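The residues making up each chain are set out below.
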Amino acid sequence: MISSWPLLSVITFLPLTGVLFLLLIRGNTESVAANARLVALWVSGFTFLLSLSLYFGFDAEMSGYQFEERADWISGSGISYHLGVDGISMPFILLSTFLTPLSILASWKSITHRVRDYMIAFLVLEVMMVGMFASLDMLMFYLFFEGVLIPMFIIIGVWGGAERVYAAFKFFLYTLLGSVLMLVCMLVMYHLAGTTDIPALAEFTFSPELQFWLFLGFFASFAVKVPMWPVHTWLPDAHVQAPTAGSMILAGVLLKMGGYGFIRFSLPMFPDASEYFAPFIFVLSIVAVIYTSLVALAQSDMKKLIAYSSVAHMGFVTIGIFTLTEQGIAGAMFQMISHGLVSAALFFCVGVVYDRLHTREISAYGGVVDAMPRYAAFFMFMMLASVGLPGTSGFVGEMLVLVGAWEASHWVAIFAATGLILGACYMLWLYRRVVFGRAEKPEVLEMAGLDRREVMIFVPLTILVLWFGVYPSTLLDVMAYSVSDILAQLAPELSVQTVMR
Amino acid sequence: MFYQAIVFLPLLGAIAAGLFSLRQQNAAAIAVSVSGVVLSFLLSLFAFSHIAMGGNTEIVSVARWINSGTFEANWQLRFDTLTAVMLIVVTGVSSCVHIYSVGYMHHDKAIARFMAYLSLFTFAMLMLVTADNLVQLFFGWEGVGVASYLLIGFWYHKESAHTAAMKAFVVNRVGDFGFILGILAIFTLTGSVSFDAIFANSASYQDAVISFSGITLPALEVVSILLFIGAMGKSAQLGLHTWLPDAMEGPTPVSALIHAATMVTAGVFLVCRMSPIIEYAPVALDVITIVGASTAIFAATVGMTQFDIKRVIAYSTCSQLGYMFFAAGVSAYPAAMFHLTTHAFFKALLFLGAGSVIHALSDEQDLRHMGGIWRKVPVTYTMMWVGSLALAGFPFFAGFYSKDMILEAAYGAHTSVGMFAFWLGCAAALLTAFYSWRLLILAFHGQPRASEEVMSHVHESPNVMTLPLVPLAIGAIFAGWAGYELFVGHDMAAFWGDSIFILPSHTAMEAAHHVPLWVKLLPIILATSGVLGAYIAYVKMPHLPGKIAEVSGGLYRFLFNKWYFDELYDRIFVRPAVVFGGWLWKRGDKGTIDHFGPDGLSALVGRVSARLVHIQTGYVYHYAFAMMIGVVILLSWYFSGFGR
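Residues numbered from 1 in each chain as written. Chains lettered and ligands numbered in written order. Predicted model: local features only at pLDDT ≥ 70, side-chain atom pairs only at ≥ 80, totals over all residues. Heavy atoms only, no water.

### So, the overall build of chain A
Within chain A, the regular secondary structure consists of 22 helices and 2 strands. Looking at the 501 residues of chain A, the share that counts as buried comes to 70%. Surface exposure of chain A reaches about 15,200 Å², of which carbon and sulfur atoms provide 68%. Chain A carries 23 positive and 33 negative side-chain charges, and their two centres are separated by 14 Å. (Helix = DSSP H or I, 4+ residues; strand = E, 2+ residues; numbered from the N terminus. Buried < 20%, exposed > 50% of the residue type's maximum accessible area, 1.4 Å probe, protein only. Areas by Shrake-Rupley, 256 points an atom, 1.4 Å probe, with all protein chains shown as cover. Lys, Arg positive; Asp, Glu negative; His and termini not counted. Charge placed at Lys NZ, Arg CZ, Asp CG, Glu CD.)

As structure tokens, this is what we get:
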């Protein structure tokens, strides 16, 4: 389906008009800052509203891509400007456009210097994120995929904490290594297939030997982004140093790039290799779930704790994807969206108290509930969503992943399910130390309650987490056809195994 | 709408009360939460007469929930006899507790929040008992867990309260681990999580196996034991019981509703609900019997030595739940449900009575600081007597019918495991009577041991707290007599219908009616001896208990310290996990991965990081510009090499 007007392009590049406005703003520092905030919020808010038309215009009863746009880029090269969404990418685009205005709102007061530059970085970041999920051409995907890192790198490096340089550098080293390998693989694929068109590549059959190496090349890049154990150590540092809104986007959207990449590239293009490497991925993911949960227990820094919990949750995602089952992949998708909302909210929870006391040390708090009862309620809800309470979005993804995992191997499900216990341990313990108890420190007692802006950030997140938990069909139905498409592409290769079962 | 209303009225009450609590409108919050639950109770009475007495089963669809491929779990309510019985128990006790709380909590500024939590709990519990599939049951299961967490930690200023709340949640999660795996196993086995689909062909899975890397196990046994692990967590059975005594940190109405009458019985309900599966798992049945019987005696021995009035009753609850489980283990599910029902009345009565005592003594919970108040609190005193008589199983009180039925069924099972349960159950019956009267005597009789100031304030509770005790007391007296024929007597088969399944070869229920006379008499004799023992030890020779404790020092400390379960778990799970986590972080993440990864690289590269410091001095659009140039260069390079 080629739509009549380029909706996807408009959504993708609309934030750039905001950048233009921002560059045009003149005046003293304060008025520039105030106007910059407003422009960024309005533009990103409007982008979100526009992106809703993707959801409502999406035909869930149809396979393949929708809202497609295609234009020759370099004629005869097999490279084109090709955009489109299916049930896999569309939810991610909405997640990105939804979280961006919230993050901008979250930085309303905490970012005080070079506000205009900061807002430009965020809008550019949004373009890159949306563009990456909308790309149906491998080259475009690569540009956006790597392009995302630049604004994020700058956000951490300029507006980050005291050790931001170390964190940004670590982040850079890891991702560089992965990207180079992925780029080499992409060039090889282009050579062989003569096109960079993603749907065409998904139809193309690479020899199993080659798939082996191509898989590993892409894996290097995606595993860092997820992040999978043991290439996860950039994440806690990056989160701790990033400003609150940076963490929200980092955990909310950027961590999903790896999982999305696995589903979009590794599974359909290297099906034999995916099957071959599945046990290896299971082992890494299980280690991630148990190892990082234990490490999270030992943290004394709130943000680090939540960062480690993200690694554990993403372990569920990679398990789900490589079960190569319908429930597993749908569950992984759902878990990614859910984690996008819940972890963004949790990082915001940290940000809220950080804005007041300027410390992330758990021991500096205690008894916050007396000063901030509504905050305690939102934090409680998100904490419970994070531990996968049924009725919140966190449960649906975990449950489906476990269903798929049990089918793939009982042991995988058993080990993964220990994450449910450990997750409850570190999250409840965190909550107890920060929120419960009698506030003894005078500075904690004097903390101001949530203001309207903060409530405005929490409320939409809470509503969505609850809605997806009670009526997950909103998402599951949209994804169903695309997930079965991917499985259908895997099916010929898997048929031997199915017979053996 | 009628059936949905039963379940969702308490939810509406909870939401409304929650909203009122934000504006400190306590009266409105109380009104909506109480009326929601009471209405739900009235509707439940109609549902009970239509379903349990009329022999109908109703399935009510509400909405879609989790659908992915062949995995389908929908919001769907199921009303059969098993559900109907639970409806009465849950909404009945919940109504009494709601009303009682109005008096008990009226000094508390957060009473509106408290009422909202109570209603939320009631909703979750109703979702649990009306679930038509295992995933929705799990929703209710976790929902009551959260409500329990919120209510145990209600007085969040108290370190002990929020510690206990967290402990309850985490220990329950250990059980949930088994529950979830059980659901997965059932889904792979039967291709569904809905009860009707699972049970339709349960007999045909007898030969199915589940293999764990080479080890093949009978599928139904694995499923049953996994689900039972879940039940052990929720129902505080030996090994996963440690959270229940600590849960007494919550306000007393919570202990009565959640930790005595309803939530902790969810495990028993689950086992009965899954009877069409568990019946085909003989090993699992034996495990259930042994765990249940062991819990019954374990908790009773600990209950004898505790001094906190609520903890004594908590251990008693733990012990009584053990009875219910071993009844289910010998396939006497109706007896288990019967005891569940009668126990809900008398145990809620005992807890609310204890709350009344605590209230009268200005929040004193230690039995060593009570005594000599029985004349001042006559209603409470009477109620505690009724509850104790029912608990100990004296003739014609509720516990007499249900507990004896369980012991007779265990005897009637004619298996070695059944006999094991029978004898441990008898021993526990003796101890039950002992600690019940120990509690009565220490709390109400003898010299007052409280300070004079406290004693001068001792008063009977207001009507709003004593009136809700009346229906519970009536239940504690008459429920056994009234329900006997229906639950376990002649009308049993018609009453339970399809909701409980018992293999024809499992005849414990039938055999229970034909046991020798001494089996019927033994529990009464033991109970009487227990009361006499308590009388001698605490009235006639008050120095005796101290002496016994002194002489049997080691054993006494072992019991007093609850068999050292907490210390053991702390040593082998809690502390090592934190230490190991810290070790992984320092030696794994920092010492190994970072050391050889990025840090090692950066050391190699030299001063790259130092140079990167300059990054922060530039302007963002410089970077944006540099980025665009980079893209252009990349593209040019790319196409010069490969484009043509």
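After presenting the structure, the write-up continues.
### Concerning the side chain of A:Q335
Within the secondary structure, A:Q335 sits in helix α15 (residues 326–357). Here A:Q335 is in contact with A:H313, A:F316, A:V317, A:G394, A:G397 and A:E398, once residues within four sequence places are set aside. (Contact = heavy atoms within 4.5 Å.)

### Some details on the packing of helix α12 (residues 256–269) of chain A against helix α14 (residues 302–322) of chain A
Residue and element names in this part refer to chain A. Taken N-terminus to C-terminus, the directions of α12 and α14 make an angle of 10°; their axes are 10 Å apart at the nearest point. When the interaxial angle is binned, α12 and α14 end up roughly parallel. Contact residues: K256, G259, F262, I263 and L267 in α12; M314, T318, I321 and F322 in α14. When its residues are assigned to classes, the contact of α12 with α14 shows 6 nonpolar, 2 polar and 1 charged. (Axes fitted to C-alpha atoms, helices over the stretch in contact; angles between N-to-C directions. Parallel < 35°, antiparallel > 145°, perpendicular 65-115°, else oblique. Nonpolar A, V, L, I, M, F, W, Y, C, P; charged D, E, K, R; others polar.)

### Quick notes on the environment of A:A238
Residues and elements named next belong to chain A. Mapping A238 onto the fold places it in helix α10 (residues 234–241). Since its relative accessible area comes to 0%, A238 is described here as buried. Spatially, the C-alpha atoms of A238 and F92 are 22 Å apart, while their sequence positions differ by 146 residues. Residues contacting A238, with those up to four places away along its chain left out, are I156, A167 and L250.

### Overview of the state of the cysteines
Tallied over the full model, the rule gives 0 disulfides over all chains. B:C272 supplies the cysteine sulfur nearest to B:C318, a cysteine that is in no disulfide, at a spacing of 18 Å. (Disulfide = S-S within 2.5 Å.)

### Some remarks on unusual backbone geometry
The omega angle of the peptide bond from A:V226 to A:P227 is -15°, so this bond is cis rather than trans. Mapped onto the secondary structure, A:P227 falls in the loop between α9 (208–225) and α10. One non-glycine residue, B:D363, lies in the positive phi region at around 65°. In this structure B:D363 comes out as exposed when scored by relative accessible area, which is 59%.

### Looking at the packing of helix α11 (residues 266–273) of chain B against helix α15 (residues 333–360) of chain B
Two packed helices can be described by the angle between their axes and the distance between those axes. Residue and element names in this part refer to chain B. Interaxial distance between α11 and α15 falls to 10 Å at its minimum, and their mutual angle equals 155°. With respect to α15, the axis of α11 lies roughly antiparallel. Between α11 and α15 the crossing geometry is left-handed. On α15, the residues that touch V268, F269, V271 and C272 of α11 are Y333, A336, M337 and L340. (Left-handed = near helix turned anticlockwise from the far one by under 90°.)

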